[in-house]
Every structure is written in C-alpha cells, then in structure tokens.
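Commentary on secondary and tertiary structure
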Amino acid sequence: MNNLVSKVAVIGSGISGAVCASSLAKNGISVTVFESARGPGGRMSQRREISEDGREVYFDHGAPFFSVSDTAALGYINEWKTKGLVAEWKENFGSFDRNLNQFTDFEKEGFETKYVCLPGMNSVCRALCLEPDLNLVPEFALKLQEIPVKPCFVLMLAFRQPLSLVPAKGFAFKNSKVLSWAFCDSSKPGRSATGESWVLHSTSEYAEDIIAQTGLQKPSNATLTKVAEDLLQEFQSTGFNIPQPFFMKAHRWGSAFPAASIAKEDKCLWDKNKRLAICGDFCVSPNVEGAVLSGMAAASKLTQF
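Residues numbered from 1 in each chain as written. Predicted model: local features only at pLDDT ≥ 70, side-chain atom pairs only at ≥ 80, totals over all residues. Heavy atoms only, no water.

Remarks on the overall build of the protein chain
Rules: The helix count covers DSSP runs of H or I at least four residues long, the strand count covers runs of E at least two residues long, and both are numbered beginning at the N terminus. Both definitions apply: the radius of gyration is a C-alpha atom measure, and the globule rule equals 2.2 Å times residues to the power 0.38. Relative accessible area decides the class of each residue, using a 1.4 Å probe on protein chains only: under 20% of the type maximum gives buried, over 50% gives exposed, and in between gives partly exposed. The contact criterion used throughout is that any non-hydrogen atoms of two residues lie within 4.5 Å.
Helix and strand content of the protein chain: six helices and 16 strands. Its C-alpha radius of gyration of 20 Å places the protein chain within 12% of the 19 Å reference for a compact globule of 305 residues. Viewed in the frame of its principal axes, the protein chain has a C-alpha envelope of about 65 × 45 × 40 Å. Within the protein chain, the fraction of its 305 residues that count as buried is 50%. For the protein chain, contacts bridging at least 24 residues in sequence account for 72% of all contacts bridging at least 6.

Some details on the pairing of strand E4 (residues 56-59)
This is how the line gets drawn: Pairing between strands is defined by DSSP: at least two bridges between them are needed.
Side-chain alternation along E4 places Val57 and Phe59 on a buried face and Glu56 and Tyr58 on a face that remains uncovered. Counted between consecutive antiparallel strands, the loop separating strand E3 (residues 47-50) from E4 contains five residues, among which Gly54 sits at a positive phi close to 90°.

Side note on helix H4 (residues 204-214)
Using the following cut-off: The arc under discussion is defined with respect to the helix axis, by the directions toward the C-beta atoms.
Taken together, the buried positions of H4 are Ser204, Tyr206, Ala207, Ile210 and Ile211. Projection of H4 onto a plane perpendicular to its axis shows the buried side chains occupying an angular sector of 160°, all on one side. Among the exposed residues of H4, those oriented more than 90 degrees off its buried face are Glu205, Ala212 and Gln213. Tucked inside the fold, the buried residues of H4 contact strand E10 (149-159), strand E13 (196-202), helix H5 (221-236) and strand E14 (247-258).

Examining the side chain of Ser204
Residue position: Ser204 is located in helix H4. Beyond its immediate sequence surroundings of up to four residues, Ser204 is in contact with Lys150 and Pro151.

A closer look at the environment of Phe65
With respect to the helices and strands, Phe65 occurs in the loop between E4 and helix H2 (71-82). Accessibility expressed as a relative area gives 16% for Phe65, which makes it buried. Placed 24 residues apart in sequence, Phe65 and Trp89 show a C-alpha to C-alpha distance of 8.0 Å.

Focus: the pattern of salt bridges
Applicable threshold: Here, a salt bridge means any side-chain nitrogen of Lys or Arg that lies within 4 Å of a carboxyl oxygen of Asp or Glu.
Counted according to the given criterion, the structure contains 18 salt bridges. For Lys249, the salt bridge goes to Glu49, with nearest N and O atoms at 3.2 Å. Of the two residues, Lys249 sits in strand E14 while Glu49 sits in strand E3, which places them 200 residues apart along the sequence. Using a relative accessible area of 31% as the deciding quantity, one classes Lys249 as partly exposed. Glu49 sits in the buried class, given a relative accessible area of 10%. Measuring nitrogen to oxygen at the nearest pair gives 3.3 Å for the salt bridge that ties Lys174 to Asp105. With Lys174 in strand E11 (residues 170-174) and Asp105 in strand E7 (residues 102-106), the pair connects residues that are 69 residues apart, well separated along the chain. Taking the relative accessible area as the measure of exposure, Asp105 reaches 31% and is therefore partly exposed. Via salt bridges that share partners, Asp60, Asp185, Lys188 and Arg191 belong to a single interconnected network.

Some words on the packing of helix H1 (residues 15-26) against H2
Note the threshold: Only the stretch in contact is used when a helix axis is fitted, and all axes are lines through C-alpha atoms; the angle between N-to-C directions ranges over 0 to 180 degrees. Any angle from 65 to 115 degrees is called roughly perpendicular, while one under 35 is roughly parallel, one over 145 is roughly antiparallel, and all others are oblique.
Here H1 crosses H2 at 85°, and the two axes come no closer than 13 Å. Accordingly, the angle class assigned to the pair H1 and H2 is roughly perpendicular. Residues Ile15, Val19, Ser23 and Lys26 of H1 touch H2, and the partners they reach there are Tyr76, Glu79 and Trp80.

Coordinates in, geometry out; function isn't part of it.
Here it is, written out as structure tokens:
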C-alpha cells in the first residue's frame, strides 16, 4: 500500500459506504464518513414512530432482508453473525396471485437463506461506522446524476393482534398493480413488539404513476394519505380478514432500486488520478449483496493505490 494514502473521506453511510469505510479502517487508514441523513443506514434504515396512544413502533422501512451467494460477502456475513449483528430470518415465504386471490406457492425450507440485522436493519451500518479510526460527519451528501432508478412507496402498519389468517410472514404479489411485497416486520429475530407490525412495498409502476401526478418534490400529507389508503386496501383485499391498524404511515423512496448496473466488472467506479472511488448497489446489482461487494471493491482500490 502506498503510505501517502493515510486519510480517506467516505461520502454516505449506507451499507456500501459503511463496508468500504470499515475495510479501510482495518487497513490502518484514518476514515471520515460524511452522511446527510440523521444516521447510518441509507436504504437499510429503521424507523421509530409514536402511535396516537403513545406506543413506540419500529419498522425496517427500507430493505426487509438480504441474501448472499458470493464467498467474499459471506465472509462478512459470518463475521457479523458472530458479533450478534445478523441472524437468519426463518419464516414462511410465498407468492400471492391477485388475479386468483390465493397463494400459489410457498418457498421450500432452505431455498434461500434470508438475513436480517439485529435489532434493526441499520444495526450493521451503525456498528461499522463506530469502529476505531472512523469519524461520522453529518450534513454532507454526494449526488450521482443520470443513474436510472425505480421509486417505491412503503406503508408501515401496526396491528394490536397478530394476523393469524395470513399463512406467510413475507410474500410477493403477482398480478397486482399496487403491491409488490408484504413483510411481517415483527416476526424477525431480535424484534420486541406489542401486537404485530407489517411493511408493504408498492410496485414501481404504482409509485411512478403517483410521482407523475404529484411531482418529485416531497410528498404532501394528502398524497401520503392516499398512498396509505391504496396500499392498505390492496392488502385487505387478499381476503385474510385484515383489520384496521392502530398505526399507519407511508414513506416514499424516490430512488429505491437502481435500474442499471454501471460497473459490473470492477464493482466500483475508480479514478486513479483523483484517488476517487464511487461504490454502491448501482455498480453491481440492486441489492444488499451488490452494495457490500461494491464497498469491498472500493476499499481494495484505495488500499492498493
């Protein structure tokens, strides 16, 4: 490693930036992380809300879980598991066909290991950014232009009683113009909750239609109320006797999923002259594994420079 590389700034503390920063710190490099949000996590954030009756409710309103197949990425997962930051989410998953109004299939046990962070999906990012030689600095953002993205609305729901008639704790929607996924957030390991909480994901098409009507500015309360009603109605139309929740709130992810991978071979963008590495899921694949691999690649470029 060139000794001239002793200090690095990492802009953004989502999982890709956090992995990159942590890898650099382990190589003895002093790292400062710049983040525009209130804390680490990015699209692996957890949300704390207070219901009208004063209850605290928590939701993983970004990535609900992640799966990995790459050997290098699995090494990170095993390390996080050892530290108690990650666990397997062992619940029934399936697919619900909106046209048939029934579940059409269920995943077989062991089909795909699903991991979640403990006690919230932002926990790994927070832990990585608190490692020695890392300094988190707020109020700074890097905006990459011209990367196509797909939006998504999420709806956070809390029920007083478990939805006992729903046969799966996570399922994809087929032939729905409104919903793409539904997850029982409170069924994840390490979660403590009274009642049961669910997170619904809209389809990209539904989100794009809402944005076309209302614009890209921050959604108004009226828009979020309409979205919440639409998503809840679609969820209730499954026929599983889903009651009204005691808490309901919608959120828009304007850039939920990158629609293109711009650096599949190198796994990050690298400018040797400027000593600049850009990493993210948009470099490899639109998921947590892609973000981790990109963060690892960026750290490798900087440490080998």
